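# Reading the structure
Each chain is listed here by its residues.
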Amino acid sequence: MDAMRILMDEHQSLAAIIHAIRHMIGEIGAGRLQPDHKLLEAMVHYLDAYPEKRHHPKEDEFLFGPLRARTHDADAVLDKLDAEHADAEARIAVLEAAVKAYAQDPKGFEAFKTAFEDYAAFYRTHMMTEEREVLPLIRKHFTAEDWEKANAGFIADDPLGGTRATARAGEEDFAQIFSKLVAAAPAPIGLGAGPYKAG
Ligand SMILES: [Fe+2]
Ligand SMILES: [Fe+2]
């Protein structure tokens, strides 16, 4: 089931970026790491451009919407997840403001740390709810036709799949950006390849 595999891959990539940022925040807080503001800003941009703008809409269109059409068992949890998806812009705006303020003034560190901890905690719960409460209901209620549409939809928009064949004109290469972000993160997460340069 390609839709499930791609969804789980995307959750893992999202968790990896969140883990990398948390690790850097911990090291900066402990005085062991100089902040690389470009890298932190690039990671926040990735969270906006990829999970918030691309991942959630696919879930809504190809999984959650069709599940609502099959059963009411998931209504309550889907209402909650829909509201969380709708909140994406506000959620990322808080994080963007915090990462920018920190880049301008080192005193912004604590506020950035708090904003990021909230973001990370939110995502842990959000992804766990999707995986533990909704995916089992999808497996139970989806018809062969639902699966066919969901698989096709996820394959058609799999920006982490690394195949440029599925890329849209002018879009960012998320697979490449992801590798670069993780590689630029300090060890043991990445290679600590030095100051992050976009492009
Ligand atoms: Fe989601
Ligand atoms: Fe998700």
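Residues numbered from 1 in each chain as written. Chains lettered and ligands numbered in written order. Predicted model: local features only at pLDDT ≥ 70, side-chain atom pairs only at ≥ 80, totals over all residues.

On to the nonpolar core. Core analysis: the largest hydrophobic core is formed by 31 residues, its most contacted members being Ile17, Ile21, Met43 and Leu181. Elements represented by at least two residues in this core include exactly helix 1 (2-29), helix 2 (37-70), helix 4 (88-104), helix 5 (109-141) and helix 7 (174-184). At eight residues, helix 1 tops the list of elements feeding residues into this core. Beyond its immediate stretch of four places on either side in the chain, Leu181 contacts Ile17, Ala42, Met43 and Tyr46. The next biggest cluster of nonpolar side chains, apart from the first, holds 14 residues, and it includes Leu7, Leu63, Ala150 and Phe154. (Core = buried A, V, L, I, M, F, W, Y, C linked by C-beta atoms within 7 Å. Buried ≥ 20, exposed ≤ 12 C-beta atoms within 10 Å, placed from the backbone. Helix = DSSP H or I, 4+ residues; strand = E, 2+ residues; numbered from the N terminus. Contact = placed C-beta atoms within 7 Å.)

Turning to the packing of helix 4 against helix 5, a few remarks are in order. As a packed pair, helix 4 and helix 5 sit with axes 8 Å apart at the nearest point and diverge in direction by 155 degrees. On the basis of their axis angle, the class for helix 4 and helix 5 is roughly antiparallel. The way helix 4 lies across helix 5 gives a crossing that is left-handed. Along its contact with helix 4, which presents Arg91, Val94, Leu95, Ala98, Val99, Ala101 and Tyr102, the element helix 5 presents Phe109, Ala111, Phe112, Ala115, Phe116 and Tyr119. Residue composition of the contact of helix 4 with helix 5, grouped by class: twelve nonpolar, no polar and one charged. (Axes fitted to C-alpha atoms, helices over the stretch in contact; angles between N-to-C directions. Parallel < 35°, antiparallel > 145°, perpendicular 65-115°, else oblique. Left-handed = near helix turned anticlockwise from the far one by under 90°. Nonpolar A, V, L, I, M, F, W, Y, C, P; charged D, E, K, R; others polar.)

A few words on the environment of His37. As for its placement among the helices and strands, His37 is situated in helix 2. Classification of His37 by C-beta neighbours within 10 Å gives partly exposed; the count is 15. In the structure, His37 is positioned 147 residues away from Ala184 in sequence and 12 Å away in space, judged by C-alpha atoms.

For the protein, the mean per-residue pLDDT works out to 88, and 92% of the residues sit at or above 70. Low pLDDT, under 50, characterises residues 162-166; the stretch is placed with four contacts to residues that sit more than four places away or in other chains. (pLDDT = per-residue confidence, 0-100.)

Along an α-helix, residues three or four positions apart point the same way, because every turn accommodates 3.6 residues. Between the first and last C-alpha of helix 4 there are 25 Å, a value that for 17 residues agrees with the 24 Å anticipated at 1.5 Å per step. Listed in full, the buried residues belonging to helix 4 are Leu95, Ala98, Val99 and Tyr102. All buried residues of helix 4 project into a common sector of 95 degrees when viewed along the axis, lining one side. Summarising the geometry of helix 4, the exposed residues directed more than 90 degrees from the buried face are Glu89, Ala90, Ala93 and Gln104. On its buried side, helix 4 packs onto helix 2 and helix 5. (Expected span 1.5 Å × (residues − 1). Arc of directions from axis to C-beta.)

The contact between helix 2 and helix 7 brings their axes to 11 Å, and the two run at 150 degrees. By the angle between their directions, the pair helix 2 and helix 7 is classed as roughly antiparallel. For the crossing formed where helix 2 meets helix 7, the hand is left-handed. Facing Leu39, Ala42, Met43, Tyr46 and Tyr50 of helix 2, the residues of helix 7 in contact are Phe174, Ile177, Leu181 and Ala184.

With that settled, the discussion passes to the environment of Ile6. Here Ile6 is to be found in helix 1. Looking at Ile6, the number of C-beta atoms within 10 Å reads 22, which means it is buried. Along the chain, Ile6 and Val182 lie 176 residues apart, while their C-alpha atoms are 19 Å from each other. Setting aside residues no more than four positions away along its own chain, Ile6 makes contact with Phe154 and Asp158.

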